[in-house]
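Topology and contacts: notes
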Amino acid sequence: MESTRGKLIEILSNHPEEYLSGQKLSQQLNISRPAVWKHMKELEKDGYGIEAAPRKGYKIMTFPDKVSSNTLSWGLKTRWLGQEMIHKPSVTSTQVIAHQEAQAGAVHGTVIVADEQTKGRGRLNRSWHSHKGDGVWMSIILRPKFEPHKSPQITLLAATVLAEVFKTYCGISPQIKWPNDLLTGGKKLSGILTELQAEQDQINYIVLGMGINVNHGAEQFPEEIVDQATSLKIETGESWEIHTLIQQILNTFEKRYEEFIEEGFRSVKLRWEAFGYRIGEHVEITTHQQEWSALIMGIEHDGALKVRDEEGKEHVLYSAEIKW
Ligand code: BT5
């Protein structure tokens, strides 16, 4: 993060054992000493523990476990994703804010994060429960140059990114239920919602929403989903810092998105199938409100679901619901 406060935190954290004088900091940052003091107060508001010792200077004592646009940005290793970071304590849905921001011209890679959503949404007008402070409720604005028909591939890409982070960073073994559910232990840990604003052959923007249950105990889930929902804490027995988890996701997403743009869906497909839910098994599927049995074969080169019905006939599905 290139802002003055970002530089200040970088200097302080590079000198964990030392007091740095207000004068030295003001010279390094090219700002006045009162301005240094003001930034320190802002850092304290963000949850940083700063010790100010007379005649010695400032020293950082503790880092915050708090989500703010500052804590989300510090330490983020991306080049474009999340360089514009919007954090809100409470929103109806980060998707709604993202659409507003995108329509007002927000740049590719803008990220919107909320502590709470009062009207979080899933697909097909379903709702998404977003308990305050316990999860990742985030939307990313993308402005890709590819054709609109490829946009569902972004959902699958996002699912592989989350699966990769859950596996490598949190040490769990997630599965991806086509197209947008992340499951672990047979329960839903995370959901993805991709919304598109496009003309016939051109995407204006995509809003990619990700919801992850992080520090919920079972008692935080409403009754209607408690049997089917889980959280990282339930699965691992540990609490997770939300802003650090978001940074892991953004760092990984930027890398995988760039690979996808350069190499196409091939790299996503391989990774997706490695995490695919019940590949090679018989499941119940709903398409156009009809339920039928099928064997999941995998996904097509474009991300569609490939199944074989009971008569042995193969189908390529662009819209379907797999029953758990
Ligand atoms: C999804 O829809 O799974 C997409 C969820 C996307 C949520 C993110 S949060 C940030 C951004 N802002 C939003 O407003 N949305 C996005 P779908 O596949 O339709 O699944 C919805 C169903 O999952 C619901 O009908 C419930 O059965 C179940 N559900 C709702 N909340 C849940 C939760 N927190 N954990 C697990 N399952 C949940």
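Remember, predicted model here, so these are calculated numbers, not experimental data. All residue numbers refer to positions counted from 1 along the written sequence of the respective chain. Totals for whole chains, interfaces and linings use every residue, but because this is a predicted model, local features are given only for residues with pLDDT of at least 70 and side-chain atom pairs only at 80 or more, for both listing and counting. Side-chain numbers here rest on the full set of heavy atoms in the structure, without hydrogens or water.

Salt bridges, as used here, are contacts in which a Lys or Arg side-chain nitrogen is within 4 Å of a carboxyl oxygen on Asp or Glu. Counted according to the given criterion, the structure contains 16 salt bridges. Here Glu291 makes a salt bridge to Lys323, at a shortest N to O gap of 3.8 Å. Taken together, the residues Glu291 in strand S11 (residues 290-299) and Lys323 in the segment after strand S14 (321-322) connect sequence positions 32 residues apart. Exposure remark for Glu291: the relative accessible area of 49% places this residue in the partly exposed category. Strands are runs of DSSP state E lasting at least 2 residues, helices are runs of H or I lasting at least 4, and numbering of each runs from the N terminus. Summary of the burial criterion: residues with accessible area below 20% of their type's maximum are buried, those above 50% are exposed, and those between are partly exposed, where the area comes from a 1.4 Å probe applied to protein chains only.

Another aspect to go through is the side chain of His243. Structurally, His243 can be placed in helix H8 (residues 242-263). With a relative accessible area of 7%, His243 lands in the buried category.

Moving on to the sheet that holds strand S8 (residues 187-199). In short, DSSP must find at least two bridges between two strands for them to pair. Strand order in the open sheet formed by seven strands is S3-S4-S5-S9-S8-S7-S6, and the pairing between neighbours is mixed. A single partner strand is all that each edge strand has here, and the edge strands are strand S3 (85-91) and strand S6 (175-177). Here the strands of the sheet are splayed against their neighbours by 20 degrees on average, with no regard to which way each runs. With eight bridges joining them, strand S5 (residues 135-142) and strand S9 (residues 202-213) adopt antiparallel strand pairing. Residue pairing across strands places Val136 opposite Ile212, the latter belonging to S9. Helix axes use the C-alpha atoms of the stretch in contact, all axes being lines fitted to C-alpha atoms, and the angles between their N-to-C directions lie in the range 0 to 180 degrees.

All right, on to the pairing of strand S7 (residues 181-184) then. Covered by surrounding structure in S7 are Asp181 and Leu183 together with Leu182 and Thr184, the residues of both alternating faces. Where S6 and S7 come together, three bridges link them in antiparallel fashion. The partner of Ile176 across the bridge, within S7, is Leu182. Adjacent in sequence and paired antiparallel, S6 and S7 are bridged by three residues. Two strands pair when backbone bridges link them, and S7 and S8 are joined in this way by four bridges, in the antiparallel orientation. Bridging across to S8, Asp181 finds its partner in Gly191.

Remark: nonpolar core denotes a set of buried residues (Ala, Val, Leu, Ile, Met, Phe, Trp, Tyr, Cys) joined through side-chain atoms within 4.5 Å. Counting residues in each nonpolar core, the largest one holds 61 residues, and the members touching the most others are Met138 and Phe253. Counting residues per element, this core draws most heavily on helix H6 (residues 152-168), which supplies ten residues. Contacts between residues were defined by any pair of non-hydrogen atoms, one from each residue, lying within 4.5 Å. Ignoring any residue separated from it by four or fewer positions in sequence, one finds Phe253 in contact with Leu81, Leu142, Leu157, Ala158, Val161, Leu208 and Met210. In terms of nonpolar packing, the next biggest core, distinct from the first, is built from 15 residues, Ile11, Leu25, Met40 and Ile50 among them.

Here the protein chain is partitioned into domain 1 (4-62), domain 2 (69-275) and domain 3 (282-322). Domain segmentation is taken from an automatic or database assignment of domains. Here the C-alpha centre of domain 2 lies 34 Å away from the C-alpha centre of domain 1.

Here the focus is the site of the ligand. Around the ligand, the surrounding shell holds 27 residues, and the nearest of these are Ser93, Gln117, Arg121, Arg126 and Lys188. Residues adjacent in sequence count toward polar contacts only when both atoms are side-chain atoms; beyond that, a polar contact is any pair of N or O atoms within 3.5 Å, and within protein one must be able to donate a hydrogen and the other to accept it. One of the backbone N or O atoms of Arg123 is found 2.9 Å from an oxygen atom in the ligand. Within the side chain of Asn213, one N or O atom sits 2.9 Å away from a nitrogen atom of the ligand. Per-residue accessibility takes into account occlusion by the displayed protein chains alone, with areas from the Shrake-Rupley method and a 1.4 Å probe. About the coverage of the ligand: the protein hides 93% of its 800 Å² of free accessible area. Of all the elements in the fold, those that place two or more residues in the shell around the ligand are helix H5 (94-103), S5, S8 and S9. Any residue that is not Ala, Val, Leu, Ile, Met, Phe, Trp, Tyr, Cys, Pro, Asp, Glu, Lys or Arg is counted as polar, Gly included; the first ten are nonpolar and the last four charged. Its residues placed into classes, the shell around the ligand shows seven nonpolar, 15 polar and five charged. Put simply, a residue is near a molecule or strand once any heavy atom of it comes within 4 Å of that molecule or strand.

Structurally, the position occupied by Lys7 is in helix H1 (residues 4-13). Given the relative accessible area of 38%, Lys7 is considered partly exposed. Taking C-alpha positions, Lys7 is 7.5 Å from Leu29, a pair spaced 22 residues apart along the chain.

Along H5, the residues that are buried comprise Thr94, Gln95, Ile97, Ala98, His99 and Ala102. On its buried face, H5 is in contact with S3, strand S4 (111-117), S5, S8 and S9. Capping the start of H5 is the job of one residue whose side-chain oxygen sits 3.0 Å from the backbone nitrogen of Gln95: Ser93. Once H5 finishes, Gly105 follows within two positions and takes phi at roughly 100 degrees, a positive value.

A few words now on the packing of H6 against helix H9 (residues 266-275). Helix-helix packing: each pair is described by the crossing angle between the helix axes and the interaxial distance. Close contact between H6 and H9 brings their axes to 9 Å; oriented N to C, the two are set at 55 degrees. The angle between H6 and H9 places the two elements in the oblique class. The interaxial crossing formed by H6 with H9 has left-handed handedness. Contacts from Leu156, Leu157, Thr160, Ala163, Glu164 and Lys167 in H6 reach Val268, Arg271, Trp272 and Phe275 in H9. Note on terminology: angles under 35 degrees are roughly parallel, angles over 145 are roughly antiparallel, angles of 65 to 115 are roughly perpendicular, and the others are oblique. What makes a crossing left-handed is the near helix being turned counterclockwise from the far one by less than a right angle; a clockwise turn instead makes it right-handed.

Next up on the list: unusual backbone geometry. Here the bond from Trp178 into Pro179 is cis, since omega is -5 degrees, no more than 30 degrees from zero. A positive phi angle is found at Asn30, which is not glycine, with a value near 60 degrees. Position of Asn30 relative to the elements: it lies in the loop between helix H2 (22-29) and helix H3 (33-45). By relative accessible area, which is 71% here, Asn30 ends up exposed. One non-glycine residue, Arg55, lies in the positive phi region at around 65 degrees. Summarising the element assignment, Arg55 is placed in the loop between strand S1 (49-53) and strand S2 (57-62). With a relative accessible area of 87%, Arg55 lands in the exposed category.

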